[in-house]
Amino acid sequence: MAATTLLSARTADSRLIGRWQLRTWRTDVIRRLAHPGRGFTQGLITDNATVWESTGRYGVSALCRYQLGAAQVERRAEVPAELFAEGICRVGDVIWQLTWQERTALKWDAATLELTGRVPFNREGWGLCAAGDYVVTSDGSSELVRRDPQTLEPQAVLHVRCAGQRVQGLNDLAWSGSTIWANVAGTHYLAGIDPDSGEVTDVVNARKAAERHIGDAQAIMNGIAALPAAGEFLLTGKGWRSIRHVRLKLARDMDAPRRVLGGLAR
């Protein structure tokens, strides 16, 4: 089914102008947890006890499962060597896993981590989250795509804007409350996105949750999983030593809109 275009900030009805008041936040790190395997994190989800992580790179991509705080991976399912694994989400008993440039999505049994199928995918795969009765995907651009949770067929395209400007580099995704949260690639900022308009309503400075990797340009923050408590998330990055359990705290940050527009475009 061809995707239709949803309301974008640039073409919004004049009645919506001024409706959005950008909220800015910082992260307080509640605790640091082990990051088993220190994988090249591309996707992260949790049910508050168990963590599923997608790790990338050709030949070593995998879907991993472990208990939150554990030092070792409980189960690791290898992805076919010709695929570069990306974002994941859980829909019932199924875990969907995107691939980067192979135009393929993988379907896994959440309990056994057995590969049960493949489906064609119409874009690059970056981030993925389940959002009620649909799923949302990113491809590193300023566009998100709403999809059927059973087939990943596209339903609508969401154009993401902050103060009228495109937010590039949308990477891993999480759904919390009624908001889509995105890592913005190459930054330590998170964007909170209205799922109907695409407008950025929240910007999070997650610098306190960052981990330094001098000389490794690929060790960026990537991997966001929503926790049950409002405003709490797990954050990690590619090859990071730990996972951060963070809580959002309102904080005035006049520079936030400019910073969130600094994402790396694909």
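All values reported here derive from a predicted model rather than from experimental measurement.

Structural notes on the side chain of Glu124
Part 1 of the reasoning: Looking at where Glu124 falls in the secondary structure, it is placed in the loop between β10 (115-120) and β11 (128-131).
Part 2 of the reasoning: In terms of polar contacts, Glu124 uses its side chain to reach the side chain of Trp100, at 3.4 Å.
Part 3 of the reasoning: There is a polar contact of 3.4 Å between the side chain of Glu124 and the side chain of Gln101.

A look at the nonpolar core
Part 1 of the reasoning: Residues Val136, Leu144, Ile180, Ile193 and Val200 are the most contacted members of the largest nonpolar core, which totals 21 residues.
Part 2 of the reasoning: Those elements giving two or more residues to this core turn out to be β11, β12 (134-138), β17 (170-176), β18 (179-184), β19 (189-193), β20 (200-205) and α1 (256-260).
Part 3 of the reasoning: If sequence neighbours within four positions are ignored, Val200 has contacts with Leu22, Val160, Arg161, Cys162, Val167, Ala191, Gly192 and Ile193.

Brief notes about the side chain of Thr27
Part 1 of the reasoning: Take Thr27: it is sitting in strand β2 (residues 23-34).
Part 2 of the reasoning: Aside from chain neighbours lying at most four places away, what touches Thr27 is Val204, Asn205, Ala206, Lys208, Ala209, Leu235, Val246, Arg247 and Leu248.

Points about the sheet that holds strand β8 (residues 94-99)
Part 1 of the reasoning: Here we have four strands laid out as an open sheet, ordered β7-β8-β9-β10, and antiparallel in their pairing. Of all the strands in the sheet, the pair left with one neighbour each is β7 (85-91) and β10. Pairwise comparison of adjacent strand axes, ignoring direction, gives a mean angle of 25° for this sheet.
Part 2 of the reasoning: Where strand β9 (residues 104-109) meets β10, five bridges bridge the pair, whose relative direction is antiparallel. In the sheet register, Lys107 faces β10, and the bridge partner there is Gly117.

Let's talk about the packing of aromatic side chains
Part 1 of the reasoning: Under the definition given, this model contains six aromatic pairs.
Part 2 of the reasoning: For the ring pair Tyr58 and Trp100, a centre distance of 6.5 Å and an interplane angle of 40° mean the geometry is tilted. With Tyr58 in the loop between β4 (50-55) and β5 (62-67) and Trp100 in the loop between β8 and β9, this residue pair connects regions lying 42 residues apart in the sequence.
Part 3 of the reasoning: Overall, the relative accessible area of 40% leaves Tyr58 in the partly exposed class.
Part 4 of the reasoning: Put simply, the rings of Phe40, Tyr58, Phe84 and Trp100 touch in pairs and so form one group of aromatic residues.
Part 5 of the reasoning: Over the ring of Phe40 we find Arg57, and its NZ or CZ is 4.0 Å from the ring centre.
Part 6 of the reasoning: Directly above the aromatic system of Tyr134 lies the positively charged group of Arg146, at a separation of 4.1 Å from the ring centroid.

Reading the values: rules and limits
Residues numbered from 1 in each chain as written. Predicted model: local features only at pLDDT ≥ 70, side-chain atom pairs only at ≥ 80, totals over all residues. Heavy atoms only, no water. Helix = DSSP H or I, 4+ residues; strand = E, 2+ residues; numbered from the N terminus. Polar contact = N/O pair within 3.5 Å; in protein donor to acceptor, adjacent residues only side chain to side chain. Core = buried A, V, L, I, M, F, W, Y, C linked by side-chain atoms within 4.5 Å. Buried < 20%, exposed > 50% of the residue type's maximum accessible area, 1.4 Å probe, protein only. Contact = heavy atoms within 4.5 Å. Pairing = 2+ DSSP bridges. Axes fitted to C-alpha atoms, helices over the stretch in contact; angles between N-to-C directions. Phe/Tyr/Trp six-rings, centres within 6.5 Å; stacked < 30°, edge-to-face > 60°. Lys NZ or Arg CZ within 6 Å of the ring centre and 35° of its normal.

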